[in-house]
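Remarks on the overall topology
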Amino acid sequence: MGQSKLSLAGLTEALRKIGHPNCQDAALRLDASSKESFDLHLRHAGLTPQDAVAIAKALSNHGSSAPRLRSFSISYNRALSDEGATILLAALPLTLNALGMVECDLSDESGRMLLDWGQHATGLQMMCVEGNRFSPAMRQRLAGLGQAGSMPTVFA
């Protein structure tokens, strides 16, 4: 139990430094958790690309003996935009089960990275990315991820 809490220390510290109440609440939940996996939902948290850098760094330093990130949502953080989304996508584990980036002001730039990440994400079951600025062609390509047999359900 102590090892799990220790291995999440960098992430909880980053969330506390961001300072938004939703990030503070997430840090408290992580501190109290002793499970083998965890969800990180930072919806409506006022996240910026600079916050994305801090979270991505903490996720990248997340050791293999640490609890596994199961579900990640940064939905409704419009200030993140492509810059923040691409920073976070580069740090997310490919074993993630669910990803939420609804209404984050994303364009085809981050859509291409979502496609690439989604094609390699072995554990992905659901991806919610609706309400962004994707072109109709990109929305169709993202939705196509979910049409290939065992691929995830995608809401684009």
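Reference entry: report on the structure contained in this document. Remember, predicted model here, so these are calculated numbers, not experimental data.

**Thoughts on the pairing of strand E2 (residues 68–73)**
- Here 5 bridges tie strand E1 (residues 37–41) to E2, and the two strands are oriented parallel to one another. The partner of Ser37 across the bridge, within E2, is Arg68.
- In the sheet, E2 pairs with strand E3 (residues 98–100) via 3 bridges, with the strands oriented parallel. By the bridge assignment, Ser73 is partnered in E3 with Gly100.
- Tracing the backbone out of E2, into helix H5 (residues 81–91) and back to the parallel element E3 gives a crossover that is right-handed.

**With respect to the environment of Ala54**
- Among the structural elements, Ala54 can be located in helix H4 (residues 49–60).
- It is 8.5 Å that separates the C-alpha atoms of Ala54 and Leu11, two residues lying 43 residues apart in sequence.

**Here's the deal with the environment of Ala52**
- Residue placement: Ala52 occurs in helix H4.
- Overall, the relative accessible area of 1% leaves Ala52 in the buried class.
- Distance from Ala52 to Ile74, taken between C-alpha atoms, is 9.7 Å for residues 22 residues apart in sequence.

**Examining the layout of surface pockets**
- Here the largest pocket defines a volume of roughly 180 Å³.
- In this structure, the largest pocket is lined by Arg29, Leu30, Ser33, Lys35, Ser37, Phe38, Asp39, Leu40, His41 and Arg70.
- Sorting the residues of the lining of the largest pocket by element identifies helix H3 (21–32) and E1 as the ones contributing at least two each.
- Top contributing element to the lining of the largest pocket by residue count: E1, with 5 residues.
- Grouping the constituent residues of the lining of the largest pocket by class yields 3 nonpolar, 3 polar and 4 charged.

**Let's talk about the pattern of salt bridges**
- Scanning the entire structure with this criterion turns up 4 salt bridges.
- Taking the shortest distance from any N to any O, the salt bridge between Asp31 and Arg16 comes out at 2.3 Å. Pair noted here: Asp31 is in helix H3 and Arg16 is in helix H2 (residues 9–18), with a separation of 15 residues, a long-range link.
- Across the salt bridge formed by Asp39 and Arg70, the nearest N and O atoms sit 2.9 Å from each other. Residue Asp39 is located in strand E1, and its partner Arg70 is located in strand E2; the two are separated by 31 residues in the primary sequence.

The rules behind these values
Residues numbered from 1 in each chain as written. Predicted model: local features only at pLDDT ≥ 70, side-chain atom pairs only at ≥ 80, totals over all residues. Heavy atoms only, no water. Pairing = 2+ DSSP bridges. Helix = DSSP H or I, 4+ residues; strand = E, 2+ residues; numbered from the N terminus. Right-handed = clockwise from strand over helix to strand, strands pointing away. Buried < 20%, exposed > 50% of the residue type's maximum accessible area, 1.4 Å probe, protein only. 1 Å grid on protein atoms, 1.4 Å probe; cavity = no way out; pocket = protein on both sides within 12 Å on 5 of 7 lines; lining within 4 Å. Points joined across faces, edges and corners; volume = space filled by probe spheres on them. Nonpolar A, V, L, I, M, F, W, Y, C, P; charged D, E, K, R; others polar. Salt bridge = Lys/Arg side-chain N within 4 Å of Asp/Glu carboxyl O.

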